[in-house]
Amino acid sequence: MKKIKVGIIGATGYAGVELVRLLALHPQAQIVALSSVSYEGKRISDVYPNLKDICDDVLENEDIIDRCDVIFTSLPHGLSEKFAGKCLDKGVKMIDLGADFRLDSAEEYAKWYNKQYEDEKLHTQSVYCIPELHRAAYKNQPIIGNPGCYPTSIALGLAPAIKYAVDNTVVIDSKSGVTGAGRGLADNTHYPNCNEAFSPYKVASHRHTPEIEQTLSKLAGKKVNVTFVPHLLPVNRGIVSTIYFNVKEAMTAKQLHEIYSEFYKREKFVRVLASGEVANLRNVKYSNYCDISVHYDEHTQRVVIVSTIDNMVKGAAGQAIQNMNIMFGLEEKCGLEYIPPAF
């Protein structure tokens, strides 16, 4: 099979270089162009020495679309639409790791991101895709909106049980490693401020909230509101989402666990842990796995779900490659069978 020619715009951000790390070993993909406005003219291995003799490509300007079958855009919100238009004009597919193609509503996008869609027609040709939940919705659309890291951990954690929720309010307590904030400098990710520290941020105001609610509402078949509180962990990577909700009627812990096991029994990258085990981010680092542990408090009829992913892989680059595999008719696991390290 002819290899897929891949280009990455925004290759030196954390998600961009994670794409490079994973795609460099993908058996059916070939990196043909890497773009970085900040480091144009440098080799990517000069910026990230871990890539020396593995990927030494020279970073270019943004004019790379012509040479590619698919473009990954790993850019801040508001910057991907123009590349989507160019890709469509040239018959090139695009997977956006930013926020521009995640929300159905232009009004919600404007509310939460303080920007307007410049070309709303582009959004009719895109699909939002967490593969385990939305692969059936992919109908050869040329643009895929890659989900956010928090929404991925939360949707996978809630999908099997959201229809059993007693009301439309879910409480979500999520913790992310520092890479989730991106490579830009910020006071809260400055080493003296995040090391030996742990605190919530953007309480009830995080931009992933509408994406979480949009996905859960579609799964539940009704409007779902969430209380979402993210926290910054003093680690490089990983997300742990602990999710709480009440159920409509009493059930046993065994019944709940069976619901989850049945829902994900055919999924390569979602591992439902045995009863009594608790998901730990250590066991998914550097991999495309999502580990889920299921807990049920019979006294309060409250469900507690723990869902953990690597925010840079299943929460970003790995899921984007899984979506590329769907887009080009490959096995979803192709190039993604990385085993998490033991420590």
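Predicted model only: the values in this text are computed from it and were never measured.

## Regarding the sheet that holds strand β10 (residues 239–246)
Spatially, seven strands are ordered β8-β9-β7-β10-β13-β12-β11 in an open sheet, and the strand pairing comes out mixed. The open sheet has two edge strands with one neighbour each: β8 (199–200) and β11 (270–272). Of the pairings in the sheet, the one linking β11 to strand β12 (residues 290–297) comprises three bridges and is parallel in character. When the sheet's bridge partners are listed, Val-270 is paired in β12 with Cys-290. Running at roughly 155 degrees to β12, helix α9 (residues 253–263) makes contact with β11, β12 and β13 (302–309) of the sheet.

## Re the layout of surface pockets
For the second largest pocket, the calculated volume is near 450 Å³. Around the second largest pocket sit 21 residues that line it, and Tyr-14, Tyr-48, Thr-179, Arg-183 and Asn-236 are the ones nearest its centre. When residues in the lining of the second largest pocket are grouped by element, the largest group, four residues, is from helix α1 (residues 14–23). Residue classes in the lining of the second largest pocket are distributed as ten nonpolar, seven polar and four charged.

## Let's talk about the sheet that holds strand β4 (residues 93–96)
Sheet architecture is open: six strands sit in the order β2-β1-β3-β4-β6-β5, paired in parallel fashion. Two strands lie at the open edges of the sheet, namely β2 (29–35) and β5 (126–128), each paired on one side alone. Taken pair by pair, the neighbouring strands of this sheet meet at an average axis angle of 20 degrees, ignoring direction. Of the strand pairs in this sheet, strand β1 (residues 4–9) and β2 are connected by six bridges, and their pairing is parallel. Along β2, the bridge assignment pairs Ile-9 with Ser-35. In the packing of α1 onto the sheet, the strands contacted are β1, β2 and β3 (70–73), and the crossing angle to β1 comes to about 160 degrees. Taken strand by strand, helix α10 (residues 313–327) contacts β1, β2, β3, β4 and β6 (143–145), and its axis lies near 155 degrees from that of β4.

## Notes on the nonpolar core
Ranked by size, the top nonpolar core spans 40 residues in total, and within it Leu-23, Ile-44, Phe-72 and Met-324 carry the most contacts. For this core, the elements supplying multiple residues, two or more each, are β1, α1, β2, α2 (44–47), β3 and α10. The element best represented in this core is α10, accounting for eight residues. With residues up to four places along the chain from it excluded, the contact list for Ile-44 reads Ala-11, Val-17, Val-20, Leu-34, Leu-51, Cys-55, Asp-57 and Leu-59. Counting residues in hydrophobic clusters, the runner-up holds 37 residues, among them Ala-155, Val-226, Ile-259 and Cys-290.

## Structural notes on the environment of Leu-51
Within the fold, Leu-51 resides in the loop between α2 and β3. Taking the C-alpha atoms as reference points, Leu-51 and Ile-292, separated by 241 residues in sequence, lie 32 Å from one another. If we ignore the near neighbours within four places in the chain, the residues touching Leu-51 are Val-17, Val-20, Ile-44, Ser-45 and Asp-56.

## Considerations on the pairing of β12
The element β12 is extensively covered by neighbouring structure, given that six of its eight residues are classed as buried. Where β12 meets β13, eight bridges bridge the pair, whose relative direction is antiparallel. Following the sheet pairing, His-295 is matched in β13 by Val-304. A loop of four residues connects β12 with β13, the two strands running antiparallel in sequence, and Gln-301 in this loop sits at a positive phi of about 55 degrees.

## A look at the pattern of salt bridges
For the structure shown, the criterion picks out 17 salt bridges. One salt bridge in this structure joins Arg-135 and Glu-332, with 2.6 Å as the shortest N-O distance. Placement of the pair is Arg-135 in the loop between α5 (131–134) and β6 and Glu-332 in the segment after α10, with a sequence separation of 197 residues. The partly exposed category is assigned to Arg-135, whose relative accessible area is 29%.

## With respect to unusual backbone geometry
Here the phi dihedral of Asn-140 falls at roughly 65 degrees; this positive angle occurs in a residue that is not glycine. Tracing the sequence through the fold places Asn-140 in the loop between α5 and β6. Of the residues examined, Asn-140 reaches a relative accessible area of 52% and is grouped as exposed. Its identity as a non-glycine residue notwithstanding, Tyr-286 has a phi of 65 degrees, on the positive side.

## Looking at the side chain of Glu-132
Note that Glu-132 resides in helix α5. Owing to a relative accessible area of 8%, Glu-132 belongs among the buried residues under this scheme. Aside from chain neighbours lying at most four places away, what touches Glu-132 is Leu-156, Glu-267, Phe-269, Val-270, Lys-314, Gln-319 and Gln-322.

## Observations regarding the packing of aromatic side chains
Aromatic ring pairs are defined here through the distance separating the ring centres and the angle between the ring planes. Counting across every chain of the model gives five aromatic pairs. Judged by centre distance (4.9 Å) and plane angle (80 degrees), the rings of Phe-263 and Tyr-264 are edge-to-face. Measuring from centroid to centroid gives 5.7 Å for Phe-269 and Tyr-289, while their planes differ by 65 degrees, and the two rings are edge-to-face. Taken together, the residues Phe-269 in the loop between α9 and β11 and Tyr-289 in the loop between β11 and β12 connect sequence positions 20 residues apart. By way of ring pairs, the aromatic residues Tyr-109, Tyr-113 and Tyr-117 are connected into one cluster. Here Arg-21 stacks its cationic end above the ring of Tyr-338, 5.7 Å away from the centre of that ring. The lysine or arginine in question, Arg-271, covers the ring of Tyr-289, its NZ or CZ lying 4.2 Å from the ring centre.

Calculation criteria
- Residues numbered from 1 in each chain as written.
- Predicted model: local features only at pLDDT ≥ 70, side-chain atom pairs only at ≥ 80, totals over all residues.
- Heavy atoms only, no water.
- Pairing = 2+ DSSP bridges.
- Helix = DSSP H or I, 4+ residues; strand = E, 2+ residues; numbered from the N terminus.
- Contact = heavy atoms within 4.5 Å.
- Axes fitted to C-alpha atoms, helices over the stretch in contact; angles between N-to-C directions.
- 1 Å grid on protein atoms, 1.4 Å probe; cavity = no way out; pocket = protein on both sides within 12 Å on 5 of 7 lines; lining within 4 Å.
- Points joined across faces, edges and corners; volume = space filled by probe spheres on them.
- Nonpolar A, V, L, I, M, F, W, Y, C, P; charged D, E, K, R; others polar.
- Core = buried A, V, L, I, M, F, W, Y, C linked by side-chain atoms within 4.5 Å.
- Buried < 20%, exposed > 50% of the residue type's maximum accessible area, 1.4 Å probe, protein only.
- Salt bridge = Lys/Arg side-chain N within 4 Å of Asp/Glu carboxyl O.
- Phe/Tyr/Trp six-rings, centres within 6.5 Å; stacked < 30°, edge-to-face > 60°.
- Lys NZ or Arg CZ within 6 Å of the ring centre and 35° of its normal.

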